[in-house]
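As a plain string of letters, each chain reads:
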Amino acid sequence: MFDDEKINEIKRERERWEKTTLPKWIRQCPECKSEFRNHSGMLIKRVYTPEDIKALDYLRDLGFPGEYPFLRGVHATMYRGRLWTMRMFAGYGTAEQTNKRFKYLLKEGETGLSTAFDYPTIMGYDSDHSMAKGEVGICGVAISSLKDMEILFDGIPLDQVTTSMTINGPAPMLLAMYVAVGDRQCVPREKIGGTTQNDNLKEFFAQKLCIFPPKSSVKLTTDIIEYCARHLPRWNPVSISGYHIREAGATALQELAFTIYDGIAYVESTIERGLKVDDFAHRLSFFFASHNDFFEEIAKFRAARRLWAKIMKERFHTKNPRSMWMRMHVQTSGCTLTAPQPLNNITRTTIQALAAVLGGTQSLHTNSFDEALCLPTEEAVRVALRTQQVIAHESGVTNTVDPLAGSYYVEALTNEMEEKAMEYIQKIDDMGGAIAAIEKGFFQKEIADSAYRYQREIDEKKRIIVGLNEYTIEKEECPIKLLRIDPKAEKEQIIRLQKVKRERDNRKVKEALEKLHYATEKDENLMPTVIEAVKVYVTLGEITEVLREVYGEYKELIVI
Amino acid sequence: MQSTRKIRVLIAKPGLDSHDRGAKVVARALRDAGMEVIYTGLRQTPEQIVETALQEDVDVIGLSILSGAHKALFPRIMELLKQKGLTDVMVFAGGIIPEEDIPELKKLDIKEIFGPGTPTETIIQFVLENIPKRT
Amino acid sequence: MTKIEEIAKGVLAGDRRSIARAITIIENNTAEAQKLISLIYPHTGKAHIIGLTGPGGSGKSTLIEKIVREYRRRGKTVGVVAVDPTSPFTGGAFLGDRIRMQELSTDEGVFIRSMATRNYLGGIAKATKDAVKILDAAGKDIVIVETVGAGQSEVEIIKVAQTIVVIHAPGLGDEIQAIKAGLMEIADIFVINKADRENADKAVMDIQSILQLNNKEKTWKTPILKTIALTGEGVPQLIEKLEEHRQFLKKEIEHKKSLLRAEAELIEAIKEKAATSIIEELRKEGKFEELLHQILEKEIDPASAAEKLLRGKFKKAVSNA
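All values reported here derive from a predicted model rather than from experimental measurement.

S.K.: What is the right way to look at the interface of chain C and chain B in this model?
M.R.: The figure often quoted for interface size is the accessible area lost as the parts come together. Counting residues at the interface gives 37 residues for chain C and 33 residues for chain B. Both faces combined, the contact of chain C with chain B buries some 3,000 Å², and carbon together with sulfur accounts for 46% of it. Here chain C is connected to chain B by eight salt bridges. Note that aspartate 88 of chain B and arginine 21 of chain C form a salt bridge whose closest N and O atoms lie 3.0 Å from each other. When residues of the side of chain C that touches chain B are traced back to their parent elements, those giving at least two are α2 (16-28), β3 (93-95), β4 (110-116) and α11 (252-284) of chain C. Per-element tally for the side of chain C that touches chain B: the top contributor is α2 of chain C, with seven residues. Per-class residue counts for the side of chain C that touches chain B are eleven nonpolar, 14 polar and twelve charged. Pairing analysis gives three bridges linking strand β2 (residues 36-39) of chain B to β3 of chain C, with the strands arranged parallel. Along β3 of chain C, the bridge assignment pairs valine 37 of chain B with phenylalanine 94 of chain C.

S.K.: Whenever I open this one, the side chain of arginine 548 of chain A confuses me. Can you help?
M.R.: Residues and elements named next belong to chain A. Examined against the element boundaries, arginine 548 turns out to sit in helix α21 (residues 540-551). Accessibility expressed as a relative area gives 10% for arginine 548, which makes it buried. For arginine 548, the contacting residues outside a window of four places in its chain are Met123, Gly124, Tyr125, Ile211, Phe212 and Glu553.

S.K.: Just checking my understanding: could you explain unusual backbone geometry for this structure?
M.R.: Peptide bonds are mostly trans, and most non-glycine residues show a negative phi. The step from tyrosine 68 of chain A to proline 69 of chain A runs through a cis peptide bond, and the omega angle for that step is 5°. Following the sequence through the fold, proline 69 of chain A ends up in the loop between α3 (58-62) and β1 (85-90). The phi dihedral of aspartate 57 of chain B is positive, around 45°, even though this residue is not glycine. Positionally, aspartate 57 of chain B belongs in the loop between α2 (46-56) and β3 (60-65).

S.K.: What is the right way to look at the nonpolar core in this model?
M.R.: The nonpolar side chains of a soluble globular protein tend to be buried with one another. Of all hydrophobic cores here, the largest spans 155 residues; its most connected members are Met149, Phe153, Leu174, Phe258, Ile260, Leu284 and Trp308 of chain A. Beyond its immediate stretch of four places on either side in the chain, leucine 284 of chain A contacts Ile225, Val238, Ile240, Val267, Trp308 and Arg327 of chain A.

S.K.: Explain the interface of chain A and chain B here, please?
M.R.: Residue-level contacts link 37 residues of chain A with 34 residues of chain B. Three residues stand out in chain A for area buried against chain B, namely Tyr119, Tyr452 and Ile560 of chain A, and they jointly supply 23% of the buried area on that side. Counting every contact that joins chain A to chain B gives four salt bridges. A salt bridge links aspartate 20 of chain B to lysine 208 of chain A; the nearest nitrogen and oxygen atoms lie 2.4 Å apart. At the boundary of chain A and chain B, one finds 16 residue pairs in polar contact (both at pLDDT 80 or more).

S.K.: Please clarify how the packing of α2 of chain B against helix α3 (residues 70-83) of chain B should be interpreted in this entry.
M.R.: Residues and elements named next belong to chain B. α3 packs onto α2 with a crossing angle of 35° between their chain directions and a minimal axis gap of 9 Å. Crossing hand, α2 versus α3: right-handed. Taken together, the residues of α3 that come into contact with α2 (itself represented by Pro46, Glu47, Ile49 and Val50) are Leu73, Arg76, Ile77, Leu80 and Leu81. Residues that form the contact of α2 with α3 fall into these classes: seven nonpolar, no polar and two charged.

S.K.: Explanation requested: the environment of lysine 6 of chain A in the structure shown.
M.R.: Of note, lysine 6 of chain A is situated in helix α1 (residues 4-19). When the C-alpha atoms of lysine 6 of chain A and proline 50 of chain A are compared, they prove to be 9.2 Å apart, with 44 residues separating the residues in sequence.

Reading the values: the criteria
- Residues numbered from 1 in each chain as written.
- Chains lettered and ligands numbered in written order.
- Predicted model: local features only at pLDDT ≥ 70, side-chain atom pairs only at ≥ 80, totals over all residues.
- Heavy atoms only, no water.
- Contact = heavy atoms within 4.5 Å.
- Buried area = accessible area lost by both parts, 1.4 Å probe.
- Salt bridge = Lys/Arg side-chain N within 4 Å of Asp/Glu carboxyl O.
- Helix = DSSP H or I, 4+ residues; strand = E, 2+ residues; numbered from the N terminus.
- Nonpolar A, V, L, I, M, F, W, Y, C, P; charged D, E, K, R; others polar.
- Pairing = 2+ DSSP bridges.
- Buried < 20%, exposed > 50% of the residue type's maximum accessible area, 1.4 Å probe, protein only.
- Core = buried A, V, L, I, M, F, W, Y, C linked by side-chain atoms within 4.5 Å.
- Polar contact = N/O pair within 3.5 Å; in protein donor to acceptor, adjacent residues only side chain to side chain.
- Axes fitted to C-alpha atoms, helices over the stretch in contact; angles between N-to-C directions.
- Left-handed = near helix turned anticlockwise from the far one by under 90°.

Below is the structure:
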C-alpha cells in the first residue's frame, strides 16, 4: 500500500524520533512496563506506522465488504442495511416462566431469541432424574418433552422469529422438538429459522457438557448438518463456538485457532458423509466471546473472517462465496464480570459490545451486570439490551462499514492474529486432527496453562481488575436485587412430566424407542427417527438413555 | 523417623455444573503450594464426594459450584459428612454464590466462601491457617 | 486400647474409615506406622495383588475401571491404590486417577486410595507396599496398584505386585521405547488396549517378538491380550488370565519368589532403619558441618567425606563396604 521509498523515509523519521523526542518523555514519565503484551502474548508497540503494514495490499488483503476475503464484512452494507441481531440468551425455571421472559425481551426490542436450558436438559436428563435433583430450572429452562417446548413457544410464531438454542449432546432432540412445534403451528419447514449450537468437539476441552465419546458426538453433529442441508434450509445446524474455549481460560489467539479448527473438523466430517461442501458450508455459523482488550478482540473478529474465507477457498475449494462467509454471534464475556461493585459490569459489557460491533458481528448478546451473582433480573437484562441499542442508534459507529480498516495498529494486529492462528492449525493438523489432539490433551493443556497464567497475573497485580484486586470497597452500599428461582418450579415441572408420561400412548413410545435403538446401532442419520419419537412424547431423557446405551458415556481426561 | 505429613485436599464439583476453570486453577495452586490435591472431576453426587473424602482421608474439602444449585447440594453434603463421622474435615466453597446466601452456608459449617477471581494466595493461606488439627 | 490398636482392629474388621486412617499413618511414616504394620501383618497374604502400569494415553484408567467392575460382578471385593508423582519442585501432587473410577466410590466392595510418590527416604515402594498390606488385611480379595509406566521409580512400585500387567495402545509411537526400560522383563501379562484401532495387530506383533526372547527362560509365558476398555471387550478374558496367573503363583515356584520378596523387604527395612539412625548420629558430630563446607569448596568428594564420618564410628561397616 506504500512505496518502498516512503516507507524508508518513515523508518528514518521514526528512528530520529526515538533518538530525539522520545528519551526526554521516557525520563520524565517512564513507561509503566518494560514490555506491553496482550494476553495472547503479542508484543504491543508504542506506536504503529505504515512500516507495520507495508506488505499489505488493499485489494488482496482487505478488499470490499461482501467480497473475498471478507475481512471488512460478510455483507456489503453491514449495519447501514441491517443492524446485527440483538439476541439475548434467556431461560430459567419452567417453560411458562421463560416464555414470559422471551416475550418481555421481544417487547423491549430484541430481534432474535436465544434459549438457555437447565443443566439436566443439557445433560440429557429428564427433570425427574436423580441427577436433576436441585438443578431443575436453576440456570436455564427445563425441557423434558415436546409439551414443555410447546409451552415455551406459546404465542410465538416460528415463521416470524429465529431462535438460537444452546444445546450440544441432546441437540437432535431439541431441534426435533422445535421442528415439531413448527409443524404444529403449520409453519413450512423451509421457513423455520434459527441455530442449534451442536458443537460437540469443544465440549471435550471447554464447556465439558459432553455425554458421549468424541467419535459418536461428531457423528451426531454431522447428522444435524446433513439433515438441515436437505430439509431445513434456513436453519444453522451448528454454531462453532469459541466463547466457551475463551471462558475456560484460553487466550484470544487460542480461541480463534481452536474454533476455526473445530470448523475444519466439521467440514471434513460432513464431506466424509458424502455431501458436497457448497451444499452445507453456507449454513455453518460461529460464536465468539468478546473480552476487555478492545483492539485484540476487534483484530480477532476480523482475522477470523479472513482466515475462514481462505480456508474454505484453499483447503476445501468452495465455489459459492456464501460458503466462505464467517457469520458470527458474539457474547460479551461472563468471566470478566465481577461480583464486587456489579454496576462496573455495565461498563465492561459496553466496551466488549462495542468491540464486537466494530469487529463486524452478525448477532450479539450482552451480559447483565448481575450475572456474576446469579441469573439476570428483568431490570438488569433490559439495561444489557439497551447497551446494544445505544451503540446502534446513538454512537454513530454503524454509519460506515468496518471503520477501523487501515488503522496501522488494527491491521498489524489482525495480520499477527491470523498468522499465529495458522501456526496452531498446522500444529493440530500434524497431530492428526481435532479428536487426536483432544485425546492427547493438547487443547486442555493450552487452556489450563493460559488460565493459570491469567490468575497468577491477577494474584501478582500485574493485571488489574477494578473492584477485585484494586479499587475495592469494604461493603456494597446498595446491594442489588437478585433473581431467585422458586423451588416450586422443580415440583411443577415434575408433575407435568409425570402427566405427560401417563397421558401419552405408551405403546407408540415403546415402538419409537426400539426404532431409535435400531437406527443408532445401524449408524443412520437419527434426525427423522428422533422427530417421530418426540412427536409421540418420548422424553428427552428416554432418548438420551438409548444413545448412552449404544455409544457409552464419556469420561473426561483431566489436565490442570 | 522422617515424618512426611502432607495436607490432603479434595477439590470437588457437585451437581451438573460443568465450569471447572476455577476448580482446576485452585487445584494447581494448592499443588504448587506443596499440598496433595485429589480432584473428583465433574458431576459428582454428594454421596460420591463424601465417600471420596473418607477413602482419601482428606484434611480439607473445597466445593466449586457456579450453577446456583448450592442451596440444594451443600446441605446434603454437610449432612453426609456428619453421618460418616467426618466432622473434622474443613470445608470451604467457591463459585457463583450470592453474598446473601453465605450466612446460611456458614451455619452448615462451611468455613469460608470465595468469589470468582479471589487471589489463589488468599485461598492457600486460608487452608494453611485452618487445617484441622489431627491427634 | 491405644489409638493404633483401635485403628488396626478397624482395619481387620474392614471398616473404611479405619482403612483410610491407617493408610494416612503409614504414608506419614510416623513412629506409629511400624506398630500398625506389626499388628496387621499376620493377617496379610490372602489378596491377589495386581500391578497395572502403562504410558499416558494407553487407556489404563478406563481399563482398570472395567476390571474392577468385572471382579465385582464375580463377587470379589477390590482395593485400588493409584500412584502419581510428587512434584520435585513444590512437594505437592495432583492426584487425578480416581476420576475414571468415581462411580465405583460408593460401592461398598471397592476402596480407592490415591497416593503421591512423596520421594520417601525408603523409596516410594515401601509406602505403596504398606498400603497394599492394609487393604489385604482388611479383607480385599483383589488389590490393584496403578502407576504410570515411565521411569525407574514406577518399575519399583510395580514390584510390589504378584501379577504385573503392562498396558499399551497402538499409535503411542515412541513410548514402546520407554516400556523397554525394565517393564518388559517383569510383565506377567501384556495388554494392547484400544484394540479397535488401525495398527493394533502390528502393535501385538511388535510386542510378541520382544516377549518371545524373554519367554524362552520363563515357566510362565507372558501372554498378549487385546482389549477395548471403552466397551469392556476383552476384559472377562483378562480376568481369566489374571486368575490363571494367580493359580500359577500358588505353586512351588512362587514360594521361591515370595522368599526373595521377603528377603528384599527385610533388607530394605534394615537399610532404612540403619541409615536413619546412623545419619541422625553423624549429624550430631561437629565434623558433619565441617565436611559439608569442604564438599562445597570441592576440597573433598561426598563419598570420601562419608567414609571419614563412618570410620570414626563404625569401623567395621566401612571395612566391609
